[in-house]
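# Geometric and topological summary
Residues per chain, in single letters:
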Amino acid sequence: MTRNPSRGPAAVICGVGAWLPPQVVSNHDLAARLDTSDQWIRERTGIAARRRVGPGVATGDLAVAAGELALKSSGCGAVDMVVLGTTTPDHPCPATAPEVASRLGLTGVGAFDVSAVCSSFLYGLATATGLIAAGIAERVLLIGAETFSSILDPDDRTTAAIFGDGAGAVVLRAGAPTEPGAIGPVLLGSDGTQRDLIKVPAGGSRDRGRAGSDARAALADHYFRMRGGETYRHAVERTTEVARAALDRAGWSVDSVDRFAAHQANARIVNAVSERLGIAEGPRRLSNITRIGNTAAASLPLLLADSAARGTLRPGDRTLLAAFGGGATWGAATVVWPDVTALIP
Amino acid sequence: MYEDVKTLLMTSFQVVKEDFHDEVTLEELGLDSLDLVELSMRLEDFGAAVTDDELAELQRLDAVVELLEQRCAVKEGR
């Protein structure tokens, strides 16, 4: 696991924004074309609806929309670094962040993508925290954005039901570690032996020159695949473990946690992790999965923005963040929620 | 051990006492595929591993407990 920089300024959240595409896909919409039902999806995932982008809309578009709102929320349009966490970049090459930065009027700043699937936001948060602590950046726009629908197999009833599109963003500025909004210890981990749990098999260098695959198989290999049962087990174990470690590093007891912001993977996973941590069902567990599903890299900033805007996450709340994603990757962090106005249309 | 597993199913899997009967299966108790993974993880606390695939294959609760007891005995060197 990673260690945190112990010197230099802290990264402090000073702006929050999120954006969701308007098209809602309900469980009934999915049941009309797949062998599934509203009850089946709700029981296994806790999801009732998810958002989908319209034709021609890409991850960069969602990232710009969320980034703009986060910058507005921060009260200052200027940052000197843009970090974008995503599983679904606009192109395999180049990264999406530089174009997003330019569209936000930030041409010239450092900009790059971070890829850790559903853990991307926490990997980005660790990166932003380090950049600020090292004096490389003073203000960082950190975005999590996905058009997950672009890699979903339309015939896979499991993944089609779970994943949705959306984007969330925060602005982090250099500040003092004792301020509200200061990011506490960030812990990251990975286990490459579990690389096949969550995967898009084709499209990378590993895929080049593969012999014997017919066109149909080749097309199918460009879709996102997930081994649900195994992912559940690893997600529950690793998220619980890293969340406990982050609390330990921060010197927080579980009882002192006001809000648990878990990556909205699947309600069953979030519940299993919460139960193991000893965080009872109720307002301490932030949740928006029923309305928007699992938005992967966008999940945590969307949850924070959504909860802050609805008043279920309030200034001063001691908040624990945790996620598990493909790779496998995982991470956790703590923050005392600051007094910011979250902008989410 | 059967009673302990029964208690686990009632406290953590919303199974009610009336649902149990001789030869009852996990499916009859309302456990879906994710529940089998969760049950497999919880059974590790008893001292031995039974995978979710094995649970799905065995189905009958008495057979699951029998396998769990055998593995615990092997592990304890009995």
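Residues numbered from 1 in each chain as written. Chains lettered and ligands numbered in written order. Predicted model: local features only at pLDDT ≥ 70, side-chain atom pairs only at ≥ 80, totals over all residues.

### Quick notes on the overall build of chain A
What chain A contains, in helices and strands, is 11 helices and 14 strands. Against the globule reference of 20 Å for 345 residues, chain A gives a C-alpha radius of gyration of 19 Å, in line with a compact fold. Considered along the principal axes of its C-alpha atoms, chain A spans approximately 55 × 45 × 40 Å. Evaluated residue by residue, chain A yields a buried proportion of 55% over its 345 residues. Taking the intrachain contacts of chain A between residues at least 6 apart in sequence as the baseline, contacts between residues at least 24 apart amount to 81%. (Helix = DSSP H or I, 4+ residues; strand = E, 2+ residues; numbered from the N terminus. Rg over C-alpha atoms; globule rule 2.2 N^0.38 Å. Buried ≥ 20, exposed ≤ 12 C-beta atoms within 10 Å, placed from the backbone. Contact = placed C-beta atoms within 7 Å.)

### A look at the nonpolar core
All names here are of chain A. In terms of nonpolar packing, the biggest core is built from 132 residues, with Ala66, Val82, Leu122, Val140 and Ala167 touching the most fellow members. At nine residues, helix H5 (residues 120–133) tops the list of elements feeding residues into this core. Per-domain counts for this core show at least three residues from each of domain 1 (10–175) and domain 2 (183–194 + 223–339). (Core = buried A, V, L, I, M, F, W, Y, C linked by C-beta atoms within 7 Å. Domains from an automatic or database assignment.)

### Considering the confidence of the model for chain B
Residue and element names in this part refer to chain B. On average, residues of chain B score 92 in pLDDT, and 99% of them reach the 70 mark or higher. Confidence, expressed as mean pLDDT per element, reaches its minimum in chain B at helix H4 (residues 61–75) with 92 and its maximum at helix H2 (residues 33–43) with 95. This complex was scored by the predictor with a pTM of 0.94 and an ipTM of 0.87. (pLDDT = per-residue confidence, 0-100.)

### Some thoughts on the sheet that holds strand S1 (residues 10–19) of chain A
All names here are of chain A. Ordered by their spatial adjacency, six strands build an open sheet running S5-S4-S6-S7-S1-S14, and the pairing between neighbours is mixed. If you trace the sheet from one side to the other, it starts and ends with strand S5 (110–114) and strand S14 (342–343), each paired once. Here S1 pairs with strand S7 (residues 166–175) via nine bridges, running antiparallel. Bridge pairing in S7 links Val12 to Arg173. Its contacts with the sheet place H5 against S1, strand S4 (81–85), S5, strand S6 (139–146) and S7, and it is angled at close to 170° to S6. Helix-sheet contacts for helix H11 (residues 299–310) involve S1, S6, S7 and S14, and the interaxial angle to S1 is about 80°. (Pairing = 2+ DSSP bridges. Axes fitted to C-alpha atoms, helices over the stretch in contact; angles between N-to-C directions.)

### Details of the interface of chain A and chain B
Between chain A and chain B, the residue contacts involve eight residues of the former and seven residues of the latter. Sorting the residues of the side of chain A that touches chain B by element identifies helix H2 (38–45), helix H8 (228–250) and helix H9 (267–277) of chain A as the ones contributing at least two each. Among the elements that line the side of chain A that touches chain B, the one with the most residues is H8 of chain A, at four residues. Counted by class, the side of chain A that touches chain B contains three nonpolar, one polar and four charged residues. (Nonpolar A, V, L, I, M, F, W, Y, C, P; charged D, E, K, R; others polar.)

### Things to note about the sheet that holds strand S13 (residues 329–336) of chain A
Residue and element names in this part refer to chain A. In space, the four strands of this open sheet follow the order S8-S13-S12-S11, with mixed pairing throughout. The two strands at the open ends of the sheet, each matched to only one other strand, are strand S8 (183–190) and strand S11 (259–262). For this sheet the average axis-to-axis angle between neighbouring strands, irrespective of direction, equals 10°. Helix-sheet contacts for H5 involve S8, strand S12 (318–325) and S13, and the interaxial angle to S8 is about 125°.

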